[in-house]
There are 2 protein chains.
Amino acid sequence: MAEYWSTLDVDLHLSVDPASGRRVGLEHALREAIRDGRLGAGTRLPSTRTLAVELGLARGTVSAAYDQLVAEGHLVAVRGSGTHVAELAGQGVPGPSGLPSAPRSPDAPGARRSPDALGASGTLGLPGALGLPSAWVGEQPRSRAKPLGNNLLPGSPDLSHFPRAAWLRASRRAVNAAPNDAFGYGDPRGRVELRRALAEYLGRARGVLADPERIVIVSGAVQGLALLGQVLGGVVAMEDPYIPLFHDVVRSHGADVVPLPVDDDGARIDLLAGPDFDQVNTAVVTPSHQYPIGSTLHPARRHALVEWACEGRRLVVEDDYDGEFRYDRQPVGAVQGMAPERVGYLGTASKTLGPGIRLAWMVLPGHLVGPVTEAKRHADHQSEALGQLTLAEFIASHDYDRHVRAARLRYRRRRDLLAERLHTRAGRPAAGFALGGIAAGLHALVRLEPAGMTEAEVLKRASEFDLELEGLGGLWHTAPTNTLASSAPRPQGIVVGFGSPTEAAYPRALDALVRTLSWR
Amino acid sequence: MAEYWSTLDVDLHLSVDPASGRRVGLEHALREAIRDGRLGAGTRLPSTRTLAVELGLARGTVSAAYDQLVAEGHLVAVRGSGTHVAELAGQGVPGPSGLPSAPRSPDAPGARRSPDALGASGTLGLPGALGLPSAWVGEQPRSRAKPLGNNLLPGSPDLSHFPRAAWLRASRRAVNAAPNDAFGYGDPRGRVELRRALAEYLGRARGVLADPERIVIVSGAVQGLALLGQVLGGVVAMEDPYIPLFHDVVRSHGADVVPLPVDDDGARIDLLAGPDFDQVNTAVVTPSHQYPIGSTLHPARRHALVEWACEGRRLVVEDDYDGEFRYDRQPVGAVQGMAPERVGYLGTASKTLGPGIRLAWMVLPGHLVGPVTEAKRHADHQSEALGQLTLAEFIASHDYDRHVRAARLRYRRRRDLLAERLHTRAGRPAAGFALGGIAAGLHALVRLEPAGMTEAEVLKRASEFDLELEGLGGLWHTAPTNTLASSAPRPQGIVVGFGSPTEAAYPRALDALVRTLSWR
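Being a predicted model, the structure only gives us computed values, none of them experimental.

Participant: How should the overall build of chain A be read in this particular structure?
Facilitator: A tally of regular secondary structure across chain A gives 14 helices and 18 strands. By the burial criterion, 62% of the 520 residues in chain A qualify as buried. Residue pairs in contact within chain A that sit at least 24 positions apart in sequence constitute 75% of those at least 6 positions apart. Carbon and sulfur atoms provide 53% of the accessible area of chain A, an area that totals close to 18300 Å².

Participant: Which parts of the structure should I look at to understand empty space enclosed by the protein?
Facilitator: To locate leftover empty space, one rolls a probe as large as a water molecule over the atoms. Counted according to the given criterion, the structure contains 15 cavities of 30 Å³ or more. What the largest cavity holds in volume is close to 190 Å³. Lining the largest cavity are 18 residues; nearest its centre among them are Ser171(A), Leu386(A), Gly387(A), Ser171(B) and Leu386(B). Those elements that provide at least two residues to the lining of the largest cavity are helix H5 (164–177) and helix H11 (385–396) of chain A together with helix H5 (164–177) and helix H11 (385–396) of chain B. For the lining of the largest cavity, the leading source of residues is H5(A), giving four residues. Tallied by class, residues from the lining of the largest cavity come to ten nonpolar, six polar and two charged. The volume enclosed by the second largest cavity comes to roughly 120 Å³. Lining the second largest cavity are 16 residues, and of these Ser219(A), Ser383(A), Glu384(A), Ser219(B) and Glu384(B) lie nearest its centre. Among the residues forming the lining of the second largest cavity, the class breakdown is four nonpolar, six polar and six charged.

Participant: Even after reading the chapter, I still don't get the sheet that holds strand S17 (residues 470–471) of chain B, so can you show me in this structure?
Facilitator: Strands belonging to one sheet form pairs held by backbone hydrogen bonds; the direction of such a pair is parallel or antiparallel. Residue and element names in this part refer to chain B. Spatially, four strands are ordered S14-S15-S18-S17 in an open sheet, and the strand pairing comes out antiparallel. Two strands close off the open sheet at either side, each with one partner strand: strand S14 (433–436) and S17. The pairing of S17 with strand S18 (residues 492–497) spans two bridges and is classified as antiparallel. Across the sheet, the residue bridging to Glu470 is Val495, located in S18. Each of strand S15 (443–448), S17 and S18 is contacted by helix H13 (residues 455–464), which is oriented at about 40° to S18, the strand it contacts most.

Participant: Would you take a moment to explain the relation of the copies chain B and chain A for this structure?
Facilitator: Between the two copies of the chain lies a rotation about an axis combined with a shift along it. Expressed as a screw operation, the relation of chain B to chain A combines 0.0 Å of axial shift with a rotation of 180°, fitting to an RMSD of 0.1 Å. Classification of the inter-copy transformation places it as that of a two-fold axis. Of all interface residues in chain B, 100% are interface residues in chain A too; the two copies therefore contact each other through one and the same surface.

Participant: Looking at this model, I keep getting lost on the packing of aromatic side chains. Mind explaining?
Facilitator: All chains considered together, the criterion is met by 14 aromatic pairs over all chains. Both rings, one in Tyr201(A) and one in Tyr400(A), keep their centres 5.2 Å apart while their planes meet at 80°; by these two values the pair is edge-to-face. One end of the pair, Tyr201(A), is in helix H6 (residues 192–206); the other, Tyr400(A), is in helix H12 (residues 399–426), and 199 residues separate them in sequence. Overall, the relative accessible area of 3% leaves Tyr201(A) in the buried class. Looking at Tyr400(A), the relative accessible area reads 1%, which means it is buried. Pairing Phe394(A) with Tyr400(A) gives two aromatic rings, centres 6.5 Å apart and planes at 75°, and the pair type is edge-to-face. Owing to a relative accessible area of 1%, Phe394(A) belongs among the buried residues under this scheme. Pairwise contacts between aromatic rings join Phe162(A), Trp167(A), Tyr201(A), Phe394(A), Tyr400(A) and Phe183(B) into one cluster. When the ring centre of Tyr506(A) is taken as reference, the NZ or CZ atom of Arg414(A) above it lies at 5.4 Å.

Participant: Whenever I open this one, the interface of chain B and chain A confuses me. Can you help?
Facilitator: Accessible area lost upon the coming together of the parts serves often as the stated size of an interface. If you look at the interface, chain B gives 52 residues, while chain A gives 52 residues. Around 4100 Å² of area is buried between chain B and chain A when both sides are counted, 59% of it from carbon and sulfur atoms. Three residues, Arg164(B), Phe183(B) and Tyr185(B), lead the burial of chain B against chain A; their summed loss comes to 20% of the area buried on that side. Counting across the chain B and chain A interface gives zero salt bridges. Our count for the contact surface shared by chain B and chain A stands at 15 residue pairs in polar contact (both at pLDDT 80 or more).

Participant: Is there a simple way to explain the pairing of strand S8 (residues 256–263) of chain B in this structure?
Facilitator: Residues in a regular strand point their side chains to alternate faces of the sheet. Residue and element names in this part refer to chain B. Most of S8 sits inside the fold, with six of its eight residues counted as buried. Taken together, strand S7 (residues 235–240), helix H8 (residues 244–252) and S8 form a β-α-β motif whose crossover is right-handed. Here S8 pairs with strand S9 (residues 266–267) via two bridges, running antiparallel. Bridge assignment links Asp263 to a residue of S9, and that residue is Gly266.

Participant: What is the right way to look at unusual backbone geometry in this model?
Facilitator: A negative phi angle characterises most non-glycine residues, just as the trans form characterises most peptide bonds. Residue Asp240(A) is joined to Pro241(A) through a cis peptide bond whose omega torsion reads 5°. Among the structural elements, Pro241(A) can be located in the loop between strand S7 (235–240) and helix H8 (244–252). Even without glycine at this site, Arg313(A) takes up a positive phi of about 50°. The topology assignment puts Arg313(A) in the loop between helix H9 (299–311) and strand S11 (315–319). In this structure, His381(B) takes a positive phi of about 70° despite not being glycine. When you line up the elements, His381(B) lands in the loop between helix H10 (366–380) and H11.

Participant: What is the right way to look at the side chain of Lys376(A) in this model?
Facilitator: All names here are of chain A. Looking at the element boundaries, Lys376 is found in helix H10 (residues 366–380). Engagement of the side chain of Lys376 in a polar contact is seen with the side chain of Ser383, the distance being 2.8 Å. Here Lys376 is in contact with Pro188, Ile217, Val218, Ser219, Gln223, Leu227, His381, Gln382 and Ser383, once residues within four sequence places are set aside.

Participant: Sorry, what's going on with the packing of H13(B) against helix H14 (residues 506–517) of chain B here?
Facilitator: Two measures define how a pair of helices packs: the angle their axes make with one another and the distance between the axes. Residue and element names in this part refer to chain B. With their axes 9 Å apart at the nearest point, H13 and H14 run at an angle of 135° to one another. Comparing their axes, H14 and H13 come out oblique. The handedness of the crossing between H13 and H14 comes out as right-handed. Across the interface between the two elements, Val458, Arg461 and Ala462 of H13 pack against Arg515, Thr516 and Leu517 of H14. Taken together, the residues of the contact of H13 with H14 sort by class into three nonpolar, one polar and two charged.

Participant: Explain the pattern of salt bridges here, please?
Facilitator: Oppositely charged side chains can form a pair if their charged atoms are brought close together. The tally for this structure, following the rule as stated, stands at 50 salt bridges over all chains. The salt bridge involving Asp181(A) is made with Arg191(A); its shortest N-O contact spans 3.3 Å. Here Asp181(A) is found in the loop between H5 and H6, whereas its partner Arg191(A) is found in the loop between H5 and H6, with ten residues between them in sequence. With relative accessibility at 41%, the residue Asp181(A) sits in the partly exposed group. A salt bridge links Lys460(B) to Glu464(B); the shortest N-O distance between them is 3.3 Å. In this pair, Lys460(B) and Glu464(B) both sit in helix H13, four residues apart, roughly one turn of the helix.

Participant: Help me out: how do you make sense of the packing of helix H7 (residues 221–232) of chain A against H10(A) in this one?
Facilitator: All names here are of chain A. Two elements in contact, H7 and H10, have axes whose closest approach is 9 Å; the angle formed by their N-to-C orientations is 115°. Here H7 and H10 pass one another in a crossing that is right-handed. Across the interface between the two elements, Gln223, Leu227, Leu228, Gln230, Val231 and Leu232 of H7 pack against Leu368, Pro371, Val372, Ala375, Lys376, Ala379 and Asp380 of H10. Considering only residue class, the contact of H7 with H10 consists of nine nonpolar, two polar and two charged.

Participant: In this structure, what is going on with the environment of Gly432(A)? I would like to understand it.
Facilitator: All names here are of chain A. Structurally, the position occupied by Gly432 is in the loop between H12 and strand S14 (433–436). Residue class for Gly432 comes out buried when judged on its relative accessible area of 4%. Note: C-alpha distance between Gly432 and Gly452 (20 residues apart in sequence) is 4.0 Å. Not counting residues within four places of it along the chain, the set of residues in contact with Gly432 comprises Arg447, Leu448, Glu449 and Gly452.

Participant: Would you explain the pairing of strand S12 (residues 343–348) of chain B in this entry?
Facilitator: Residue and element names in this part refer to chain B. Burial analysis of S12 places six of its six residues in the buried class, the great majority of the element. With five bridges joining them, strand S11 (residues 315–320) and S12 adopt parallel strand pairing. Within S12, the residue paired with Asp320 across the bridge is Gly347. Summarising the sheet, S12 and strand S13 (residues 360–363) pair through four bridges and their orientation is antiparallel. Counterpart to Thr348 in the pairing with S13 is Ala360.

Participant: Sorry, what's going on with the sheet that holds S11(A) here?
Facilitator: Residue and element names in this part refer to chain A. The strand order S6-S13-S12-S11-S10-S7-S8-S9 describes an open sheet built from eight strands, whose pairing is mixed. Among the strands making up the open sheet, the edge pair consists of strand S6 (215–218) and strand S9 (266–267). With four bridges connecting them, S11 and strand S12 (residues 343–348) associate as parallel partners. Each bridged residue has a counterpart across the sheet, and for Val317 the counterpart in S12 is Gly344. Contacts between H9 and the sheet are confined to strand S8 (256–263), S9, strand S10 (280–285) and S11, with S10 contributing the most and set at about 150° to the helix. Contacts from H10 reach S6, S11 and strand S13 (360–363), with the element oriented near 25° to S6.

About the cut-offs
Each residue is numbered by its place in its chain's sequence as written, counting from 1. Working convention: letters from A go to chains and numbers from 1 go to ligands, in the order in which they are written. A pLDDT threshold of at least 70 governs which residues receive local features in this predicted model, and a stricter bar of 80 or more applies before side-chain atom pairs are shown or counted, although totals over entire chains, interfaces and linings include all residues. To obtain the side-chain values, all non-hydrogen atoms of the structure were used and water was disregarded. Labels follow the DSSP assignment, with helices taken as runs of H or I lasting at least four residues and strands as runs of E lasting at least two, numbered in each case from the N terminus. Burial classes: relative accessible area under 20% of the type maximum marks a residue as buried, over 50% as exposed, and values in between as partly exposed (1.4 Å probe, protein chains only). The contact definition used throughout considers only heavy atoms, calling two residues in contact when any of these lie within 4.5 Å. Only the protein chains shown count as cover for residues, and all accessible areas are computed by the Shrake-Rupley method using a 1.4 Å probe. Buriedness for pockets is judged along seven lines, at least five of which must meet protein on both sides within 12 Å for an open set on the 1 Å grid over protein atoms alone, while cavities are sets there where a 1.4 Å probe fits but cannot get out, and lining residues have an atom within 4 Å of a point. Grid points are joined across faces, edges and corners, and a volume is the space filled by probe spheres set on the points. Residues are grouped as follows: nonpolar covers Ala, Val, Leu, Ile, Met, Phe, Trp, Tyr, Cys and Pro; charged covers Asp, Glu, Lys and Arg; every other residue, Gly included, is treated as polar. Any two strands between which DSSP finds at least two bridges are classified as paired. Fitted lines through C-alpha atoms serve as axes, helices being fitted only where they are in contact, and the angles separating the N-to-C directions of these axes extend from 0 to 180 degrees. Our superposition of the copies is a least-squares fit, built on the C-alpha atoms of residues whose pLDDT is at least 70 in both. Note on ring pairs: Phe, Tyr and Trp rings are taken, using the six-membered ring of Trp, and paired if centres are within 6.5 Å. Classes follow the plane angle, with under 30 degrees stacked, over 60 edge-to-face and the rest tilted. In our convention, an over-ring charge means Lys NZ or Arg CZ found within 6 Å of a ring centre and within 35 degrees of that ring's normal. Here's the idea: put two parts together, see how much 1.4 Å probe accessible area each one loses, and the total over both is what we call buried area. A pairing counts as a salt bridge when a side-chain nitrogen of Lys or Arg comes within 4 Å of a carboxyl oxygen of Asp or Glu. Two N or O atoms form a polar contact when they lie within 3.5 Å of each other; inside protein one atom must be a possible hydrogen donor and the other a possible acceptor, and for residues adjacent in sequence the pair counts only when both atoms belong to side chains. Handedness of a crossover is defined as follows: orient the strands so they point away from the viewer, and if the path from the first strand over the helix to the second runs clockwise, the crossover is right-handed. Orientation labels follow simple angle bins: below 35 degrees gives roughly parallel, above 145 gives roughly antiparallel, 65 to 115 gives roughly perpendicular, and whatever is left gives oblique. Two helices cross in a left-handed way if the nearer one is turned anticlockwise from the farther one by less than a right angle. They cross in a right-handed way if the turn is clockwise.

Following this line, the structure appears as structure tokens:
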């Protein structure tokens, strides 16, 4: 554990763990300092050059760490004014054990919120117009893996890579070590062994402030949304397009749903202040990668979202379904870390291991733990214990990290092959489509341009090549004429799930996709 | 497979499988013949003597088989008129594959329903006044197994006997043999491997007509009731006393609940015709062993219950939580077998293996399969797959039968010891209590007589002996003055869970119980 001191606006104790690498260690240390209040809102950070000298790091390392924290919303970079701790980054943030955060440094300058400047800063390396689609559609019933034929449906990882042997070993260790009460009725929040392992993992890997006491293990994201819908009631804003089943789940559990339009910078947070949303008490969003469009929520919007929640004592539900699979940079940290009392975090093992094990988790604001636990007890008393103990063991033994790392490499190779095949063989720019959202997740979005084929034409042609694809069309909540978004025509597109096929089947499926799209 | 022919009122082909033993084989054959319509309602059966000669069996064997089928409601024994196939025994019963039953024999005489005569027939071997309490309270939150101290709380089997090694072996076979799609999204009804194994097991062990297509795997009985409450809505009659959590679960999922009184012959089915129940569309009952009173539903009431459901196109939900643990005779077959289109069957592995694995199952009337499947999809998409595959393998390999048989012997010994200790050391009849409900299940009911200690006194005294007990008082749905039952004072009692302690802890817990009850 190397320790660095920096005296600038404030005395800053950054404890950088070199085991994670320098940049990651610095990011982590800065994030921690912001969260526990040592770096108060508005605090101006040293220039990258100054801090690099101070810490004995390359300037590029510091710069990359700042960029990452800007992308997460912990810092704001204002042109001509340097980099500051963001207004809301530490607000109301309890320590890991639920203690209130230390008071802000009283001499910290007021924060400057300058979304326009931020939006123009261009430091985020955001991908192009189509952003980052993701891998969550699998919660849909239509995920219908077909053993024969070609399948590029989104929604599933490659199930042939479920780590059977490692999972069975972890299961044997877990079941043999389990106390007798593991086989009985237990805490509706789930096994404490798993809640502890997740608290550590989520803090480390996703920047989530996760107290085991505030974690509720659920049987998949569907159940998480069902319980929240039941507990919260009222009106819930959900992104549009999004997973239709999720919409239905929230509605069938007692809440109304209003669609929240998205664009290439993620959900249209600005609209939440408008009259169509004045009854909304909860917003369900996918900040890391909007599904299915694939955008990352713009840092200014992350702030606006948290502000909206804090001002109105509302709730943000952050669906972080595939945060592990980001290829071109470090994953964007969870919004939850910015305001854990106003953001409920929802994560899942469905994309890393497989949906069949039905293990997901919520990290909840303190006031929701009791009601959600009670709703869980009335839904199914608790989730199944042996799978929980197995996952706890799997995480603690670092099998989970190894598995995720291998999967990330595999899916990255597939993504590269997808891009290569579409660009070199069929990807003439004039061919009427553009590939987007390839920076993360288990899908990409083929956006169809007005001059090219329609969705229906692509899907029809795909079926001629015995290829199953998902069109964007089925993922809108509103009829085309009824959208709250601008009057611009809706994009047409195909959500390509490059995670689903087996390694052996993938090249053939790609061939079929290339042929499908090479029509004109 | 021995085959027997008997020509009496009708040609009767009874295919008795000698592998199950003669009596069981005959029972099975008669049940099948009634169900598939070969023995129509009202058909008079031969005398036991005649059939014994015809089949080459001992008369006692035939007589025992008739008694069993009378207890199940398949036959009625009318004094002076012999034994007949019951009116409703085969009504509307599809074959095992869901095909409609064969038409009744047109020349079968009209059935005679004679509940009074039946009630007086005395052939049922029903236990005494207190009947058969059972093991379902564990679905209550208050099931709080305590590692130290003495614990005779109901609601749990002995968790130290969870078959870890055998379960892990089955798990290894199941996970290694699983198709890849087992790790993905699947049928909300659950894995077909388990539904098939259960269909066979439930038919064989519980007399349930279970088509795999009509089985929905759920995560415990709580979830089964939650889904049914959501799908059915309206007003649900539930036994009183019963599990308070179950009451709450049904109510919190959209149905109203009215309490249905019980007595020593089970639920007061007669009251369902009364004005307090005219809005009721569903009755949730525990016919095999009422929980917590422990009575078995009287055969005449079984008939009345099925009639009530058929006449009004209503639903019976049969909670069969511990049908495997009957000590003094063959288990009473499920009511579901009498009218599978009007009875939903709910079974669980919570008492045979442990609640922690959260595996339960519903066998549903055809018209409910779709809506319940949809509700399950909106609740958590599907139950976890690996536990399902493991249980399927566990059943198919007959590990489940072996485990249940060993458990039955163990609990029977505990029951014997309980009876012996209470009767020989503290059980002076004048001591103010009576032990009942010891014929089945994992609990007994110590009914407190007015002359003796009150419930509160017993519980207070138990705590002095560091003994945890459950009083009957917390299991009533209605305030004492508000009950629909007669104006007789409510029984006071203690539900003794003899399943919960480990083998080593049980004698000491019994000592504490004996001391607790030896006050006067």
